[in-house]
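# A closer look at the structure
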Amino acid sequence: MTTTFTDETRERAREIIARYPADRSRSALLPLLHLVQAEEGYVSPAGVTFCAEVLGLNKAQVGAVATFYTMYKRKPTGDFLVSVCTNTMCNVLGGQEVYDTLSEHLGVGHDETTGDGTITLEHAECLAACDYGPVMTVNYDFFDGVDPSTAVGVVDELRAGGRPMPTRGARLCTLKEMAVQLAGFADERDGAVADGGPGEPTLRGLRLAQEHGVSVPGFDPNTPIRSKAEADKAAAEAKAKAEAAKPAPVEASAAPVKGGDGASAPTGAAGVAEPAKPADAVEPADATGGTTRDVKAPDDKSPQVRTAETRQPDAGTAVPDAPGTKVPTDSTASEPRDARAAEAAGVAANPPAGDGKPAGDEAGAQERNLTEAKAGTDADGAGSADANETGAQK
């Protein structure tokens, strides 16, 4: 059976796509999936095809997203999705008992719908309301601190046509009506929006902080939130003020300063002669015992190359992988001599493979080893261990 979506759904789909840049229309997939679920009650194959067509995607791409998120249902769902948290906190407080009682009372299991099409039951891993546990939601609206009897009362009222009031939030709506809101459209029903203040568990931490005088240093809750234009203006003013506060640069003297021997002495930024260094003076050693200066790596090197160079200093001046080692400035880091010797020995002991057999798989050498091993076994005083050793050496 092929579903033909209404003109209203198609118009809403165009409105959703128009929210995103022309080259980013694929970002509209999530609200579009909620939109088709609002018409059919689940994301059907026809809904997947519809989303693929309006976005220019293939059905596999749409299906991959629709099967990833649990809020998109892949089979017909009841008017009210009842989710019971059975994760650690709620489970300790009785969440599993609530779920088991509802399952037995309704005669359905996880992700199953009652015969009248009213209730779909599911257990949820976490509903992010641990301080109100055990909790359950009906179409994602919370019922806090439930027990088996109150949970049964809620579903019975729903099946009788009532709309029990959630603990927090507005009055209940059907799953299709909720999907319209999740697609990004306002709920125009009377009483669909409610303020619903925070509950006592949420306020408990705030009251404890007030009782014990715990607060963020310098925090003023009455500080207004500035607009972006105001924030940009304040940042520009602060930058200009910082630039104006900088001291003016002092120009160096054009005339060279003569040293004691009449030669020109190096000068600093203020034109003051720097003391000459003795001929036998050496650069102070760094923390690793080397004398290499710490210089900034060239910008054209990737972070991986810089890290590798830093962790492989000159083997003659520092210990490999020592913390705080510096990259040599005069040449690239050289490999340790033992490493080069080991590499050369490995190359000599493993000649490259030919076209016929892999390296080391020479039939003549194997036959010779077998012959020598047999001869050693037959000889007086020669055991199997000596033969094996001889063969291994060959």
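What you see is a predicted model, and the numbers here were worked out from it, not measured in a lab. (Residues numbered from 1 in each chain as written. Predicted model: local features only at pLDDT ≥ 70, side-chain atom pairs only at ≥ 80, totals over all residues. Heavy atoms only, no water.)

### Re the packing of helix H2 (residues 29-40) against helix H8 (residues 175-182)
The interhelical angle for the contact between H2 and H8, taken along N-to-C directions, is 160°, at an axis separation of 8 Å. Considered as vectors, H2 and H8 are oriented roughly antiparallel to each other. For the pair H2 and H8, the sense of crossing is left-handed. Residues His-34, Gln-37, Ala-38, Glu-39 and Glu-40 of H2 form the contact with H8, whose participating residues are Lys-176, Ala-179, Val-180 and Leu-182. Looking at the contact of H2 with H8, its residues break down into four nonpolar, two polar and three charged. (Axes fitted to C-alpha atoms, helices over the stretch in contact; angles between N-to-C directions. Helix = DSSP H or I, 4+ residues; strand = E, 2+ residues; numbered from the N terminus. Parallel < 35°, antiparallel > 145°, perpendicular 65-115°, else oblique. Left-handed = near helix turned anticlockwise from the far one by under 90°. Contact = heavy atoms within 4.5 Å. Nonpolar A, V, L, I, M, F, W, Y, C, P; charged D, E, K, R; others polar.)

### With respect to the packing of helix H1 (residues 7-17) against H2
The N-to-C vectors of H1 and H2 enclose an angle of 165°; their axes lie 10 Å apart at closest approach. Classed by the angle they form, the pair H1 and H2 counts as roughly antiparallel. As H1 packs across H2, the resulting crossing turns out to be right-handed. Between H1, through Thr-9, Arg-12, Ala-13, Ile-16 and Ile-17, and H2, the contact on the second element is made entirely by Pro-31, Leu-32, Leu-35 and Glu-39. Split into classes, the residues belonging to the contact of H1 with H2 amount to six nonpolar, one polar and two charged.

### Re the pairing of strand S1 (residues 80-85)
Within S1, six of the six residues are buried, which leaves the element mostly enclosed by the surrounding structure. The pairing of S1 with strand S3 (residues 119-124) spans six bridges and is parallel. Bridge pairing links Val-84 to His-123 in S3. Relative to strand S4 (residues 136-138), S1 runs antiparallel, the two sharing three bridges. Its bridge partner being in S4, Val-82 is matched across the sheet by Val-138. (Buried < 20%, exposed > 50% of the residue type's maximum accessible area, 1.4 Å probe, protein only. Pairing = 2+ DSSP bridges.)

### Structural notes on the packing of aromatic side chains
Under the definition given, this model contains three aromatic pairs. Aromatic side chains Phe-5 and Phe-50 sit 4.8 Å apart centroid to centroid with 40° between the ring planes, which places their arrangement in the tilted category. Note that Phe-5 is positioned in the segment before H1 and Phe-50 in helix H3 (residues 45-55), a separation of 45 residues in sequence. Its relative accessible area of 4% is what places Phe-5 among the buried residues. Centre to centre, the rings of Tyr-69 and Tyr-72 are 6.1 Å apart; their planes meet at 85°, and the pair counts as edge-to-face. (Phe/Tyr/Trp six-rings, centres within 6.5 Å; stacked < 30°, edge-to-face > 60°.)

### Details of the environment of Tyr-140
Looking at where Tyr-140 falls in the secondary structure, it is placed in the loop between S4 and strand S5 (141-143). Tyr-140 has contacts with Met-71, Lys-73, Leu-81, Leu-175, Met-178 and Leu-182, leaving out every residue within four places of it along the chain.

### With respect to the confidence of the model for the protein chain
Per-residue confidence for the protein chain gives a mean pLDDT of 76, with 65% of residues at or over 70. Considering only residues more than four positions removed or in separate chains, one finds that residues 315-332, a stretch of pLDDT under 50, has 32 contacts. Taken as a whole, residues 356-361 scores under 50 in pLDDT and shows six contacts with residues more than four places along the chain or in a different chain. (pLDDT = per-residue confidence, 0-100.)

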